[in-house]
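Structural characterization, general
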Amino acid sequence: MVLRIGLMGRACWVLLHRRVGLFIVFCTVLLVLWQLSSLLTDVDSPRFVKSSRSDTVANKRKSKPHIVFILADDYGWNDIGYHGSFIQTPNLDRLASEGVKLENYYVQPICSPSREQLMTGRYQIHYGLQHSVITHDRPHGLPLDEVTLPQKLKDNGYSTHLVGKWHLGFFRREYLPLRRGFDTFYGGEDYWSHRRPNIYSTDASEYHGLDLRDQDKPVLDQNGTYSTHLFQRKAIDIIAHHDRNKPMFLYLSFQAVHAPLQVPDEYVEKYKDVQHILIKKYAAMVTAMDEAVGNVTDALKDSGLWDNTVLIFSTDNGARRSAGSNWPLRGWKNTLWEGGIRGVCFVTSNLLERKGTKSDALIHISDWFPTLIYLSHGSTHDTKPLDGFDVWDSISTGAKSPREEILLNIDPLKCKMGFTCASGGGNFNTLTYAAIRSRDWKLLTGFQDQGGWKHRKTSGNHFEKPTDSPNKHLWLFNIKNDPQERTDLSEKYPDVVQDLLMKLKTYNRTAVPPFWPPRDLRANPALHGDVFGPWL
């Protein structure tokens, strides 16, 4: 320190014989440099030390996190341990307890629409896929002008991988995962043979063929390998061989626990005290999936990726009426009741500022698109108008959700025979199949499946039927106070009904007409080497 001051003084003495202005500038610069030097060499200075958790998280977020999104199929609200289920889910319970459980989280009531909105951040009415699911025998899919999540992440330097179920179209090669942003794809359907339809199909008109691909080639040597195990192994292999110089996006989309109820015997043995065979098999399938999630998580830790990973677990819709449980919620898969659309979801990551918590923030599956783009340090400026919101702060810090409403769907094609269910230019037609959640209110219109409440016990199921009239086509619920949707308030609060009908009308003005093409006989795998794949 003495040496520094001496040198500074000598320099200033020389400059006394020169211009006064230069002297002042030079001495000022030397003083600033001296102060910075003192600060940087004294790391114990209180000006240097920062101890808040938010600063630690901010430092971690300087690097792009790895993103692992695990999607279960037809997984019910009451099928996870932390919601009181008897089903053994130790890995999911542990991961959820270490992160944030999203308890006000919504998906779509069936497979493709949830995946569409996850991949685009946009409601299905905005690209004409508001009716049913994308099928293997119709020439339709997620429109090619829709920007997908993996495309955005890939542009931002990520390696992108899909393992499991795609379900967003394949009638042309352009619709396959490798053309929609994924570097690698390994997946298909059916648990054991990897052929469709499954062995329980009774539809004689269904096309039969292999449905398992590695990249764009059929996989012929995995007959007899259980798909949950197969997809788990592939995911672990991707993790083990990941280039550490790049961030990773892994989308692990299980077939489990979709029908048919098939599972190795070792998992059934865990439920030998369960009397009902279907409940026993379903529980075993869930536990097999839970084990797979645990193994994938272990692989992330063993590879050194875990500390900078954001892991999201979500269902695509509620459990089916015939399997699984959404108790105490009303309804099941393919309905707009809470049991079909209120989904199990949690986030686990060291990047979370609050861990071990529950969140009641209103969140929709379309929100993952902008949220994950934000986490990847990317931008959504070049996308189509998004319906999703960046909800990371709501999840991580407990901040209020930027989302106040969710359009759950408007489907004019889902109509009772003899009725006209499309909405014209006037008021919104309450015969139109639709639903919207706005703050605490939820409105349903149209000819809904009446739903009901399924009480599951290990000995069997008991169904409680609603008392609604079969021709009823308008309901209003306060979901915060009545999450089971038992008390219709539409007559008590007509002003709220009109407000929500106006919102549906406004959304409907932005809708693209539903695209539901007829079945195409050229899709038959018998014409393409006994393999499902592009036919146009």
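Remember, predicted model here, so these are calculated numbers, not experimental data.

We now examine empty space enclosed by the protein. Using the criterion set out here, one finds three cavities of 30 Å³ or more in the structure. Quantified by volume, the largest cavity comes out at close to 50 Å³. As for the largest cavity, its lining consists of Leu261, His276, Leu278, Ile279, Tyr282, Ser322, Ala323, Gly324, Lys454 and Asn461. Its residues placed into classes, the lining of the largest cavity shows five nonpolar, four polar and one charged.

The next thing to look at is the nonpolar core. Judged by nonpolar contacts, the single largest core of 56 residues is most densely connected at Tyr75, Phe254, Tyr282 and Phe313. Elements represented by at least two residues in this core include exactly strand E1 (66–72), helix H4 (90–98), helix H7 (227–240), strand E10 (248–253), helix H8 (265–268), helix H9 (277–302) and strand E11 (309–315). The greatest single-element share of this core, amounting to 13 residues, is contributed by H9. Discounting chain neighbours no more than four positions away, the residues touching Phe313 are Ile70, Ala72, Tyr75, Leu92, Met289, Val293, Val344, Cys345 and Phe346. Listed in part, the 40 residues of the second largest apolar core include Ile67, Leu102, Leu351 and Trp392.

Glancing now at unusual backbone geometry. That bond from Arg196 to Pro197 is cis: its omega, -5 degrees, falls within 30 degrees of zero. Structurally, Pro197 can be placed in the loop between strand E6 (195–196) and strand E7 (209–210). Omega for the bond connecting Trp327 with Pro328 falls within 30 degrees of zero, at 10 degrees, which places this linkage in the cis form. Turning to its location among the elements, Pro328 is positioned in the loop between E11 and helix H10 (338–341). Phi is positive for Asp74, close to 65 degrees, though the residue is something other than glycine. Given the relative accessible area of 0%, Asp74 is considered buried. In this structure, Glu485 is a non-glycine residue whose phi angle is positive, near 55 degrees. Tracing the chain through its elements places Glu485 in the loop between strand E20 (474–478) and helix H13 (494–509). For Glu485, a relative accessible area of 0% corresponds to the buried category.

Inspection of the secondary structure puts Thr348 in strand E12 (residues 345–349). Overall, the relative accessible area of 3% leaves Thr348 in the buried class. Sequence separation between Thr348 and Thr309 is 39 residues; the distance between their C-alpha atoms is 8.4 Å. Setting aside its immediate chain neighbours within four residues, Thr348 contacts Leu95, Ala96, Glu98, Gly99, Trp306, Thr309, Val310 and Leu311. A distance of 2.6 Å separates a polar side-chain atom of Thr348 from the backbone oxygen of Leu95.

Between two aromatic rings, the relevant description is the distance of the centres plus the angle of the planes. For the structure on display, the rule yields 20 aromatic pairs. Each ring, one from Tyr105 and one from Trp368, has its centre 6.3 Å from the other, and the planes form 55 degrees; the classification is tilted. Of this pair, Tyr105 sits in strand E3 (residues 105–106) while Trp368 sits in helix H11 (residues 368–375), and the two are 263 residues apart along the sequence. Look at Phe171 and Tyr175: their rings are 4.6 Å apart centre to centre, the planes differ by 35 degrees, and that puts the pair in the tilted class. The exposure classification of Phe171 matches that of Tyr175, with both residues buried. Ring-pair connections join several aromatic residues into one group, and the members of that group are Phe69, Tyr105, Trp166, Phe182, Phe249, Tyr251 and Trp368. Positioned over the ring face of Trp306 is Lys301, at 5.3 Å from the centre of the ring.

What follows is about the confidence of the model for the protein. Looking at the protein as a whole, the pLDDT averages 90, with 88% of positions reaching at least 70. Every residue in residues 1–60 scores below 50 in pLDDT, and together they form 30 contacts with partners more than four places removed in sequence or on other chains.

Moving on, we get to the pairing of strand E18 (residues 453–457). Inspection of the sheet shows E18 paired to strand E19 (residues 460–464) by five bridges, in the antiparallel sense. Among the inter-strand pairings, Lys457 is bridged to a residue of E19, identified as Gly460.

Attention now moves to the sheet that holds strand E13 (residues 357–359). Strands sit in the order E9-E8-E5-E4-E10-E1-E11-E12-E2-E13 across an open sheet of 10 strands; the sheet is mixed. Unpaired on one side and paired on the other, strand E9 (217–218) and E13 mark the two borders of the sheet. As defined by bridge partners, E1 adjoins E10 across five bridges and the pair is classed as parallel. Across the sheet, the residue bridging to Phe69 is Tyr251, located in E10. On the sheet, helix H5 (residues 111–120) packs against E1 and E10 and is oriented at approximately 175 degrees with respect to E10. Sitting on the sheet, H7 touches strand E4 (159–164), strand E5 (184–188), strand E8 (212–214) and E10, and the angle it makes with E10 is about 175 degrees.

A few words now on the state of the cysteines. The final tally for this structure, using the stated rule, is one disulfide. A disulfide bridge connects Cys415 with Cys421, and the sulfur atoms are separated by 1.9 Å. Between Cys415 and Cys421, the S-S torsion sits near 65 degrees, and that sign places the bridge as right-handed. A relative accessible area of 3% means that Cys421 is categorised as buried.

Before going further, it helps to spend a moment on the sheet that holds E20. One open sheet holds the four strands; their spatial order is E15-E16-E17-E20, and the pairing between them is antiparallel. Each end of this open sheet is capped by a strand with a single partner; those strands are strand E15 (405–411) and E20. Across the sheet, the axes of successive neighbouring strands diverge by a mean angle of 5 degrees, strand direction being ignored. Pairing analysis gives six bridges linking E15 to strand E16 (residues 433–438), with the strands arranged antiparallel. Bridge assignment links Glu405 to a residue of E16, and that residue is Ser438.

There is about 900 Å³ of room inside the largest pocket. If you go around the largest pocket, you meet 40 residues; those closest to its centre are Ile134, His136, His167, Glu189 and Arg196. Residue assignment for the lining of the largest pocket shows that the elements contributing at least two residues are E5 and E8. Ranked by residues supplied to the lining of the largest pocket, first place goes to E5 with three residues. Tallied by class, residues from the lining of the largest pocket come to 15 nonpolar, 13 polar and 12 charged. The volume enclosed by the second largest pocket comes to roughly 480 Å³. What lines the second largest pocket is a set of 24 residues, and nearest its centre among them are Asn104, Asp360, Ala361, Leu362 and Arg437. Of the residues contributing to the lining of the second largest pocket, the split by class is eight nonpolar, five polar and 11 charged.

Rules of the game
- Residues numbered from 1 in each chain as written.
- Predicted model: local features only at pLDDT ≥ 70, side-chain atom pairs only at ≥ 80, totals over all residues.
- Heavy atoms only, no water.
- 1 Å grid on protein atoms, 1.4 Å probe; cavity = no way out; pocket = protein on both sides within 12 Å on 5 of 7 lines; lining within 4 Å.
- Points joined across faces, edges and corners; volume = space filled by probe spheres on them.
- Nonpolar A, V, L, I, M, F, W, Y, C, P; charged D, E, K, R; others polar.
- Core = buried A, V, L, I, M, F, W, Y, C linked by side-chain atoms within 4.5 Å.
- Buried < 20%, exposed > 50% of the residue type's maximum accessible area, 1.4 Å probe, protein only.
- Helix = DSSP H or I, 4+ residues; strand = E, 2+ residues; numbered from the N terminus.
- Contact = heavy atoms within 4.5 Å.
- Polar contact = N/O pair within 3.5 Å; in protein donor to acceptor, adjacent residues only side chain to side chain.
- Phe/Tyr/Trp six-rings, centres within 6.5 Å; stacked < 30°, edge-to-face > 60°.
- Lys NZ or Arg CZ within 6 Å of the ring centre and 35° of its normal.
- pLDDT = per-residue confidence, 0-100.
- Pairing = 2+ DSSP bridges.
- Axes fitted to C-alpha atoms, helices over the stretch in contact; angles between N-to-C directions.
- Disulfide = S-S within 2.5 Å.

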